[in-house]
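Here are the chains, one letter per residue:
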Amino acid sequence: MIQKIKKIILDDRIPKIGDYNFEEFLDPKKVYFPITTNRAAKGELYVKEGEYVYLGQVIGLRDGGFFQQNIHSTVSGKFVGVEKKFFRDGKKVEFAVVENDFKENYSPTVTDLTDEEIAKLSVEELIKRVEDNSVVGLGGGAFPTSVKLKIDKNIDTVILNGVECEPYLVSDYILMLKYAKEIVAGLALSLKIYDAKNGYISVKNKNKELIDALIEAVNASNIRNITIKGVKDYYPQGYEKDVIYSTIGKKIAVSEMPANYGIMVINSTTAKAVYDAVRYNLPILTREFLVSGLCINQPKIMEVKIGTHVPEIIEKAGGYNNEYHERVLIIGGPMMGKSLALDDVVVTKAVSTILVMPKLSEPEKPCVRCGTCNYSCPSKLTPVLISEAVKAKNSEAVAKLNLQDCILCGLCSYVCTSKIPLTDIMSKGKKML
Amino acid sequence: MNFKIQASPHLRTPNADVSKMMLNVVIALVPVVAVAIFYFRLNYIFALSTSVVSICGFEYIANKLMKKESTLKDYSALVTAMIFSLTLPIGMYDKSIYGDQSTAYIVGTIIIAVSGAFAIIVGKMIFGGLGRNIFNPAGLGRIFLLISFGSLVTFFSKDIVYLSSATPLQMIKESISEGSVVNISEQYNLFDLFVGRKPGAFGEISSLAIIFGALYLMIYKIADWRIIITALASFAFFNLIYVLRTPELSTDFILVQLLTGGVLFGVVFMATDPVTSPVTAPGRVLYAILIAGITFTIRMFGAYPEGMLFAILIMNMFAPAIDYYKWASVRYTLKWIITIIIATLIFIAIALIGTM
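Residues numbered from 1 in each chain as written. Chains lettered and ligands numbered in written order. Predicted model: local features only at pLDDT ≥ 70, side-chain atom pairs only at ≥ 80, totals over all residues. Heavy atoms only, no water.

**What about the overall build of chain B?**
Okay, so step 1: Helix and strand counts for chain B stand at 16 helices and 0 strands.
Okay, so step 2: Taken over the C-alpha trace, chain B has a radius of gyration of 21 Å; the compact-globule value for 356 residues is 21 Å, and the two agree within 12%.
Okay, so step 3: Its C-alpha atoms put chain B at 85 × 60 × 30 Å along the principal axes.
Okay, so step 4: For chain B, the proportion of its 356 residues judged to be buried stands at 58%.
Okay, so step 5: Within chain B, counting contacts between residues at least 6 apart in sequence, those at least 24 apart form 74% of the total.
Okay, so step 6: Total accessible area on chain B stands at roughly 14600 Å², and carbon and sulfur atoms take up 70% of it.
Okay, so step 7: In chain B, 24 side chains carry a positive charge and 18 a negative one; their mean positions are 13 Å apart. (Helix = DSSP H or I, 4+ residues; strand = E, 2+ residues; numbered from the N terminus. Rg over C-alpha atoms; globule rule 2.2 N^0.38 Å. Buried < 20%, exposed > 50% of the residue type's maximum accessible area, 1.4 Å probe, protein only. Contact = heavy atoms within 4.5 Å. Areas by Shrake-Rupley, 256 points an atom, 1.4 Å probe, with all protein chains shown as cover. Lys, Arg positive; Asp, Glu negative; His and termini not counted. Charge placed at Lys NZ, Arg CZ, Asp CG, Glu CD.)

Now the structure itself:
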């Protein structure tokens, strides 16, 4: 197939957006919070073993300079100690364990501000609430939102990215549908913080009911500078630069920062977290969590507490089936998600999906130089030439072919006629730069 | 619970597969093969089966010797064999050279088998098999045949009654070199050239069948339409320049040029071979223009009816240069546009020199 491919062909056996019910699983026995992460190498706890903690209470600090963050408990109960579990990047780190007493006792720091009170808060106070409540980018990057809000650039346009272009993912969609009002309010807060003129919410135009819900939420509020934008459904439409282009028609080179053009893109789920942080002084407590894939008995989307142990969620989804001999467990979407060896993982803020799929089995064949990877690359790179350069260990060629612009979206591997794992070669090549 | 580790992405398109791609080329070749069998019956069936046995057989043996798994399943050897057989001259088993028909068959079979072996061994397996070769294996085998056994074959077949003893290409050549313009369309009417009553190679005789194949390849995205369209359009364009400067010639000349000498077949089935062509869109456009231009130049100044094949092999050699990392780009950058314009201007100049 020598052509530009942007569509991911979906497997009919995996449920689509309309097939799911809204479900909840908010009473895990124990919850786990990472004390260190890939970005914050040090961490300390403020609580002693056996101490009672409230829901929303700060129990510690992850120390990573720029990435410094408070650790919050998402249940009330007893802090029982520290355990090693897998973080979403596949590394084993220490987690603080809190035993749930199922009483949902909120911390006294929790507030419930009215719209008028929120309107009176200054920009500094708004940012402080976002920072104190460790709001991070929920699209998967987990970049601290407060850092983004404090940026020293003139921002006039804020775009909420609600595209969720990875196949099978539905978490953002469900959350936006449930909390359309909060998302619009969160965007309005970001506009206030940036002193920006235009706000956009971009969602796939095929999700009509979501567009309607968001328009209704905008109309119900007194905010007039927010536009709901339906964008085409292709992969990777959710990539920042693609969202900007389809929302406001501005082309920005891969290597450039949108902020330099006065544009800021924020994940739509993050907007709700910003709103909650400001109104309730609460961190992100729950996520719409998807457990799906061909190896899961009853694929489900559930609202779960941050800190829930994944095996408990999988049990709620009917567990694994035994139809496939070799399986992979993927954290995130099937295109960019990471495969893990064990399911001993914890739901952290930027984790919203677990897919369990049969392992790919088609053998790799020699490259026939069809060029489909070149035609499909959203960053306009030449994966076939880059892979040759990587194999030849020619770092000069790798740099000249602009591998630094690669976003590891996975399309080159997906479209490859010869089933060559090109994206894997790209990420190896990135280490040569 | 243990899981396998796998690099992302965790999906692969179900539509792309090397064997499927090659099988589609086989399907696209079916009309051409059918026409060849219709006109030449046993002669072509012999040529085809000899090619298939020799090329597939030697690929199998080469893999055995290299202790590798057989690659016959990817159908690429079958494609090479079919294309090679279709480039063979229709006078492959001409008894007028040897006196009796059985000798002609024996000699013809040996020639095909040896050239086929050369095509697959030197053209492909020596480089490491599929995807590694520099030259189009079928084209290389055909040129080997021309150089080694050229005098033993003719471009005429006793199965077809011809009005002229010269091929259209020879007439084009005459009209170019002697200044006496032969009205080719009087001797070969365009319809005959189109459906197949003309001298040449087994596969090139019916332009209609080749166009079917071309449409199939382009619709199912097996071949890059950029190469097919650019090569044919620029070849027609260079001829148009020539015709415009030569008042004696009618525009029929352009069609005669397009429909003879394997231009269509070469462009559709050989220039589009992805392994031996560049990998970027601008690179492919440049490659196609150069193939068209070189073919045009060889016809203008040279004598080989295999001009198309030479052009393809010459450009195969330059494909890695077009893909060189210092200038390869998927965008039509200013550099590429200038290069493409310069290439076009060079061949326009050659067309103008030809008219002087």
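**Focus on the state of the cysteines**
All names here are of chain A.
Okay, so step 1: Scanning all chains against the criterion turns up 0 disulfides over all chains.
Okay, so step 2: No disulfide involves Cys-367; its nearest neighbouring cysteine sulfur is the one of Cys-416, lying 6.5 Å away.
Okay, so step 3: Cys-377 forms no disulfide, and the closest cysteine sulfur to it belongs to Cys-409, at a distance of 6.4 Å.
Okay, so step 4: Classification of Cys-377 by relative accessible area gives buried; the value is 13%. (Disulfide = S-S within 2.5 Å.)

**Re the nonpolar core**
Okay, so step 1: Residues Tyr44(B), Met92(B), Phe202(B), Phe265(B) and Phe269(B) are the most contacted members of the largest nonpolar core, which totals 109 residues.
Okay, so step 2: Those residues within four positions of Tyr44(B) in sequence are excluded, and the remaining contacts are Val33(B), Ala36(B), Ile37(B), Met82(B), Ser85(B), Leu86(B) and Phe202(B).
Okay, so step 3: Counting 56 residues, the second-largest nonpolar core is a separate cluster that includes Ile118(A), Leu191(A), Tyr194(A) and Tyr275(A). (Core = buried A, V, L, I, M, F, W, Y, C linked by side-chain atoms within 4.5 Å.)

**Some details on the environment of Gly140(A)**
Residue and element names in this part refer to chain A.
Okay, so step 1: Its place among the elements puts Gly-140 in the loop between helix 2 (123–132) and helix 3 (145–149).
Okay, so step 2: Taking the C-alpha atoms as reference points, Gly-140 and Ala-350, separated by 210 residues in sequence, lie 4.9 Å from one another.
Okay, so step 3: Every residue in contact with Gly-140, bar those within four places of it in the chain, is listed here: Arg-88 and Ala-350.

**Topic: the sheet that holds strand 14 (residues 300–305) of chain A**
All names here are of chain A.
Okay, so step 1: Strand order in the open sheet formed by 6 strands is 1-14-13-17-15-16, with mixed pairing between adjacent strands. Unpaired on one side and paired on the other, strand 1 (23–25) and strand 16 (338–340) mark the two borders of the sheet. Ignoring strand direction, the axes of neighbouring strands in this sheet form an average angle of 30°.
Okay, so step 2: Here strand 15 (residues 327–331) runs beside strand 17 (residues 353–358); their pairing, made up of 5 bridges, is antiparallel. Paired with Ile-330 across the bridge in strand 17 is Leu-355.
Okay, so step 3: This element, helix 4 (residues 171–178), spans strand 13 (286–292), strand 14 and strand 17 of the sheet and lies at about 140° to strand 13. (Pairing = 2+ DSSP bridges. Axes fitted to C-alpha atoms, helices over the stretch in contact; angles between N-to-C directions.)

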